[in-house]
Amino acid sequence: QVSARERALVIDLTLWYKDRRWAPRAQASDELDRLLGPLLLRHDILKVGFQLTQDVKMLLQSFPDVTCFRALSRVVSEARGFADIQDMAQAGVSSPAVRAGQQLGLSRTCEVVLGAKLCKDAQTSDWSRRPLTPQQIRYAATDASVLVELYSRIGADAAEKAREKLLAKSTKKKGKRRWSPRRGRRGRGGSSRSRNP
């Protein structure tokens, strides 16, 4: 799903490949790269999502041959051009649940920030059947468009705090490599200097 302030677009990737069964899968993947890559990989266009890392993992599992999805994994982990609403809510929403350290789901985040829960009735429907029902398409579009409103309400300051926290966590992980005599690398609690026998 892709949404801007005025419109939401639902791209059915399963149907994308099914409609192009006359073409080799690699060709259909290349077309998808040309369509989505320029949007997804640009750092100057802010994209918001909810649990982005999980979504990217699912995309990679389902469509491993789409180049922009592989690159997307790195870009999202560095928070370049992306903001995760769940992380933003943790950084910028004052509620008893957040203060208690609870991770809010999307529906609960909508309730806390927008004052209304997100209807999740279609979430448990059969998403493997095609064509998708109008209710499923509406659910998918709403799921994307509400993120734009949440970003607007929570604010860019919370996005920056969430990004700084993500980068600090990433830097901390990189610094915890243990030195190994075979590899001469750093690690958890070890020294980075080479040892001379």
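What you see is a predicted model, and the numbers here were worked out from it, not measured in a lab. (Residues numbered from 1 in each chain as written. Predicted model: local features only at pLDDT ≥ 70, side-chain atom pairs only at ≥ 80, totals over all residues. Heavy atoms only, no water.)

Okay, the side chain of Arg20 next. Among the secondary structure elements, Arg20 is positioned in the loop between helix H1 (13-19) and helix H2 (25-40). For Arg20, the side chain forms a polar contact with the side chain of Glu31, separated by 2.8 Å. Leave out the neighbours within four places in its chain, and Arg20 touches Ala28 and Glu31. (Helix = DSSP H or I, 4+ residues; strand = E, 2+ residues; numbered from the N terminus. Polar contact = N/O pair within 3.5 Å; in protein donor to acceptor, adjacent residues only side chain to side chain. Contact = heavy atoms within 4.5 Å.)

Time to look at helix H8 (residues 134-154). Spanning 21 residues, H8 covers 30 Å between terminal C-alpha atoms, matching the ideal 30 Å at 1.5 Å per step. Those residues of H8 lying buried are Gln136, Tyr139, Ala140, Ala141, Asp143, Ala144, Val146, Leu147, Val148, Leu150, Tyr151 and Ile154. Of the residues flanking the end of H8, it is Gly155, one or two places downstream, whose phi is positive at about 100°. (Expected span 1.5 Å × (residues − 1). Buried < 20%, exposed > 50% of the residue type's maximum accessible area, 1.4 Å probe, protein only.)

The subject of this paragraph is the packing of helix H3 (residues 52-62) against helix H4 (residues 67-77). The geometry of H3 relative to H4 is characterised by a closest axis approach of 9 Å and an angle of 160° between their N-to-C directions. The angle between H3 and H4 places the two elements in the roughly antiparallel class. Two packed elements cross with a definite hand, and for H3 against H4 that hand is left-handed. Of the residues in H4, those touching H3 at Leu52, Thr53, Val56, Leu59 and Leu60 are Phe69, Arg70, Leu72, Ser73 and Val76. Tallied by class, residues from the contact of H3 with H4 come to seven nonpolar, two polar and one charged. (Axes fitted to C-alpha atoms, helices over the stretch in contact; angles between N-to-C directions. Parallel < 35°, antiparallel > 145°, perpendicular 65-115°, else oblique. Left-handed = near helix turned anticlockwise from the far one by under 90°. Nonpolar A, V, L, I, M, F, W, Y, C, P; charged D, E, K, R; others polar.)

Further remarks concern the layout of surface pockets. By volume, the largest pocket is sized at about 1700 Å³. The wall of the largest pocket is formed by 46 residues, among which Gln1, Val2, Asp55, Leu59 and Asp143 lie closest to the centre. Looking at the lining of the second largest pocket, the elements with two or more residues in it are H3, H4, strand S4 (82-84), helix H5 (85-92) and helix H9 (156-174). Ranked by residue count, the leading element in the lining of the second largest pocket is H9, at 11 residues. In terms of residue class, the lining of the second largest pocket is built from 15 nonpolar, 10 polar and 10 charged. (1 Å grid on protein atoms, 1.4 Å probe; cavity = no way out; pocket = protein on both sides within 12 Å on 5 of 7 lines; lining within 4 Å. Points joined across faces, edges and corners; volume = space filled by probe spheres on them.)

Of the residues making up helix H7 (residues 106-114), those classed as buried are Leu106, Ser107, Thr109, Cys110 and Val113. Summarising the axial view, the buried residues of H7 lie within an arc of 160°, below the 170-degree limit, and thus occupy one face. In the segment just after H7, Gly115 is the residue with positive phi, at about 85°. (Arc of directions from axis to C-beta.)

A separate point is the packing of H7 against H8. Between H7 and H8, the shortest axis-to-axis distance is 11 Å and the interhelical angle comes to 40°. On the basis of the axis angle, H7 is oblique to H8. Relative to H8, H7 is oriented so that their crossing is left-handed. Contacts from Leu106, Thr109, Cys110, Val113 and Leu114 of H7 reach H8 at Asp143, Val146, Leu147, Glu149, Leu150, Arg153 and Ile154. Residue classes in the contact of H7 with H8 are distributed as eight nonpolar, one polar and three charged.

Nothing here speaks to function; it is geometry throughout.
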